[in-house]
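A closer look at the structure
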Amino acid sequence: MSDDIGLSEAERSAGIVRCDACPVLCRIRPGRPGACDRYANENGTLVRVDPLVLLARPDLPKVAFIEGSNTWAGELGKGEGAPFTEPFVTGIGATTTYPDYKPAPFIVSSKHDGVDMVTVVTEGIFSYCGVKVKIDTDRYLGPEQATVRVKGEAVGHVTTAEYGSQMLSLGGVHHLTGGSKKEGVVTCEALLALCAKEAVELVIDGGSTVTVQADRPPIVNGTLEERMRVGCGSAAIGMFAPQWKDHVDEVIVVDDHITGVLSEHQGGAFLDMKPAGIRVRGRRSTPGRYFQVAEPGLGWGGTDVSDPLEIIDRIDPKTAWPGLKLLMVSTTGEHSAWFELDGDLKPRPAPMPAPVRKVVERIAENCEPALCTVLFMAGAGGSLRAGVTENPVRLTRSVRDALTRVTLGGVPAFIWPGGGITLMVDVSKMPEKSFGYVPTPALVAPIEFTLRADDYAALGGYASCAVSLEDVLRSTKVRLDK
Ligand code: SF4
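Since the model is a prediction, treat every value here as computed from it, not as a measurement.

1. Regarding the sheet that holds strand β37 (residues 478-481)
- An order of β8-β5-β37 is seen for the 3 strands of this open sheet, with the pairing classed as mixed. Here the strands that pair on one side only, and so sit at the sheet edges, are β8 (88-89) and β37.
- Relative to β37, strand β5 (residues 52-55) runs parallel, the two sharing 4 bridges. Counted as the bridge partner of Leu54 is Leu480 from β37.

2. Observations regarding the site of the ligand
- Near the ligand the following residues occur: Cys19, Ala21, Cys22, Leu25, Cys26, Gly34, Ala35, Cys36, Arg38, Tyr39 and Pro439.
- Per-class residue counts for the shell around the ligand are 9 nonpolar, 1 polar and 1 charged.

3. Observations concerning unusual backbone geometry
- Note that the residue after Thr440, namely Pro441, is joined by a cis bond; omega there is -5°.
- Its location among the elements puts Pro441 in the loop between β35 (436-438) and β36 (442-452).
- Its identity is not glycine, yet Lys151 carries a phi of approximately 50°, on the positive side.
- Following the sequence through the fold, Lys151 ends up in the loop between β12 (147-150) and β13 (153-162).
- Despite not being glycine, Leu345 shows a phi value in the positive range, around 60°.
- Looking at the element boundaries, Leu345 is found in the loop between β27 (336-341) and β28 (347-349).

4. Considerations on the nonpolar core
- If you look at the biggest cluster of nonpolar residues, it comprises 59 residues, and the most contacted ones within it are Leu170, Phe376 and Leu408.
- Broken down by element, this core gets its largest block of residues, 7 residues, from helix α3 (residues 181-195).
- Each of domain 2 (88-128 + 381-481) and domain 3 (129-224) gives at least three residues to this core.
- The next biggest cluster of nonpolar side chains, apart from the first, holds 22 residues, and it includes Ile252, Ala276, Leu324 and Leu341.

5. Overview of the pairing of β36
- Burial runs high along β36: 10 of the 11 residues are buried.
- Where strand β10 (residues 115-126) meets β36, 10 bridges bridge the pair, whose relative direction is antiparallel. The residue of β36 that forms the bridge with Met117 is Arg452.
- Pairing of strand β31 (residues 405-408) with β36, which is carried by 3 bridges, proceeds in the antiparallel orientation. Looking at β36, one finds that Arg405 is bridged to Thr450.
- Bridge analysis of β35 against β36 gives 3 bridges, and the strand direction is antiparallel. Directly across from Gly436, in β36, lies its bridge partner Val444.
- Joining the antiparallel neighbours β35 and β36 is a turn of 3 residues.

6. A closer look at the packing of aromatic side chains
- This structure, assessed with the given rule, holds 4 aromatic pairs.
- Taken together, a centroid distance of 5.7 Å and an interplanar angle of 80° make the contact between Phe126 and Phe376 edge-to-face. Taken as a pair, Phe126 in strand β10 and Phe376 in strand β30 (residues 372-379) lie far apart in primary sequence, 250 residues in all. Each of the two residues, Phe126 as well as Phe376, counts as buried.

7. Topic: the side chain of Thr122
- Tracing the backbone through its elements, the reader meets Thr122 in strand β10.
- Assessed through its relative accessible area of 2%, Thr122 is described here as buried.
- Only 3.5 Å separates the side chain of Thr122 from the backbone oxygen of Thr95, close enough to count as a polar contact.
- Not counting chain neighbours up to four residues away, the residues in contact with Thr122 comprise Gly91, Ala94, Thr95, Thr96, Thr97, Ala104, Pro105, Leu384, Ala445, Pro446 and Ile447.

8. Comments concerning the confidence of the model for the chain
- Of all residues in the chain, 93% have pLDDT values of 70 or greater, and the mean over the chain is 90.
- In the model, residues 58-84 has pLDDT below 50 throughout and makes 47 contacts with residues more than four positions away in sequence or in other chains.

9. Concerning the domain arrangement of the chain
- Taken domain by domain, the chain holds domain 1 (1-49), domain 2 (88-128 + 381-481), domain 3 (129-224) and domain 4 (233-366).
- For domain 2 and domain 4, the distance between their C-alpha centroids amounts to 55 Å.

10. Looking at the side chain of Ser330
- Within the fold, Ser330 resides in strand β26 (residues 325-330).
- Judged by its relative accessible area of 1%, Ser330 falls in the buried class.
- Ignoring sequence-local partners within four residues, the contact set of Ser330 consists of Val253, Val254, Trp300, Gly301, His335 and Ile363.

11. Overview of a negative patch on the surface
- Among the surface-exposed residues, Glu295, Asp304, Asp307 and Glu310 lie close enough to one another that they form a single negatively charged patch.
- Among the structural elements, Glu310 can be located in the loop between β24 (289-291) and β25 (312-315).

12. Side note on the packing of helix α4 (residues 233-244) against helix α6 (residues 354-365)
- Across the interface, α4 lies against α6 with an axial gap of 10 Å and an inter-helix angle of 155°. The orientation of α4 with respect to α6, classified from their angle, is roughly antiparallel. The hand of the α4/α6 crossing is right-handed. Taken together, the residues of α6 that come into contact with α4 (itself represented by Phe240, Gln243 and Trp244) are Val359, Arg362 and Ile363.
- In the contact of α4 with α6, the residues fall into 4 nonpolar, 1 polar and 1 charged.

Rules behind the numbers
Residues numbered from 1 in each chain as written. Predicted model: local features only at pLDDT ≥ 70, side-chain atom pairs only at ≥ 80, totals over all residues. Heavy atoms only, no water. Pairing = 2+ DSSP bridges. Helix = DSSP H or I, 4+ residues; strand = E, 2+ residues; numbered from the N terminus. Near = heavy atom within 4 Å. Nonpolar A, V, L, I, M, F, W, Y, C, P; charged D, E, K, R; others polar. Core = buried A, V, L, I, M, F, W, Y, C linked by side-chain atoms within 4.5 Å. Buried < 20%, exposed > 50% of the residue type's maximum accessible area, 1.4 Å probe, protein only. Domains from an automatic or database assignment. Phe/Tyr/Trp six-rings, centres within 6.5 Å; stacked < 30°, edge-to-face > 60°. Polar contact = N/O pair within 3.5 Å; in protein donor to acceptor, adjacent residues only side chain to side chain. Contact = heavy atoms within 4.5 Å. pLDDT = per-residue confidence, 0-100. Patch = residues over 30% accessible without salt bridge, like charges linked within 9 Å, V, L, I, M, F, W, Y side chains within 5 Å. Areas by Shrake-Rupley, 256 points an atom, 1.4 Å probe, with all protein chains shown as cover. Salt bridge = Lys/Arg side-chain N within 4 Å of Asp/Glu carboxyl O. Lys, Arg positive; Asp, Glu negative; His and termini not counted. Charge placed at Lys NZ, Arg CZ, Asp CG, Glu CD. Axes fitted to C-alpha atoms, helices over the stretch in contact; angles between N-to-C directions. Parallel < 35°, antiparallel > 145°, perpendicular 65-115°, else oblique. Left-handed = near helix turned anticlockwise from the far one by under 90°.

In structure tokens, the structure reads:
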């Protein structure tokens, strides 16, 4: 960081400093923060406001460290026999390498199992970034490709459903920089809040309003989602058919994707169940498996159905019989109803027998807690790679060859195969206050590259800039996390 380049004499004498940690180049008055609140003018000196975050190794007890005092009060570094005897220096609070060619702010050398290692630590400014959100719910959130909005601004879109979950793609360069200024600002705010594990209300065009928070249950149109389904309607039939067989004549598991009908399904046929003659609406895929029995919605099994009998198309008088016992249940067991056919073969509600109730409860018991998962996804671009080595493509190759481990806030990242360093990481595992932003707009996230010191030298790294952990502690305000 330089703090007076480009300032006028008047600005200098007013004690103003200039931050060059991102393209905004804030001029900051004494005692004030910059536009992103991450840097400030402290008595005429530009400082990074937040401490550098160190992670205690899992095999070490957490020790007291007095923030800002440069006093190390623990025994770290003296562990016997542990592969890692020092805390890990993360990129949180590390500062950036902008404008790209500066070496990373911390290149920390260490010894692990007798091998000299380096960890190259920086805060990356990610213009190409977003989050992938997985929402465990059967409820209908909106059509695929529908726009997802925050405060009326488009911040992303609905992608396909996965097994028991709905996926959203939020952020990305088109929303951050390709739309109006307001769209970029709102997108950046929403991403920052989601990455900080805060709740964000998302409104989906033609669909629902859903409150999303990392590692917490979603709230869909004001209702807290509790259960992630045990499987689709067909899977539920397969799983529980033997437990139903002696107590029912038919079971229909209502599901927006695949509704299952027990007596027709292989699960029932293998148990010698006789056909019950109840035909559900929708498109028959294979025996006992039906698609599109209703419209998607917030009712039974992610359909718009509140009365399950709506999905029955007809009852064949040649096959069905008075007294036929029918269970209708949703994929989570949240909805269930018991019917018996009367003399006109009309389903009449009746008290559910205890053994059947038990299996319905078992469906619910086999559901998992519904959660939202937020994965930060970004591409490590020019400034990041150039901050590690003068020859950035070698870093990419080294990551691909698994010689360099990439972590964000100490959490291992999934690296996409193919070109570049395109990564994903679960924000819920990252330390508090891992993310920041700059008003360009872009997100700021910590990133660490750890590799053998000889490999680092071979890829043209800034080996001469390497410092020890003790050097870091002497010169920098730090915070120790678990
Ligand atoms: S927005 Fe933040 S990082 Fe960018 S110049 Fe201003 S204070 Fe520095």
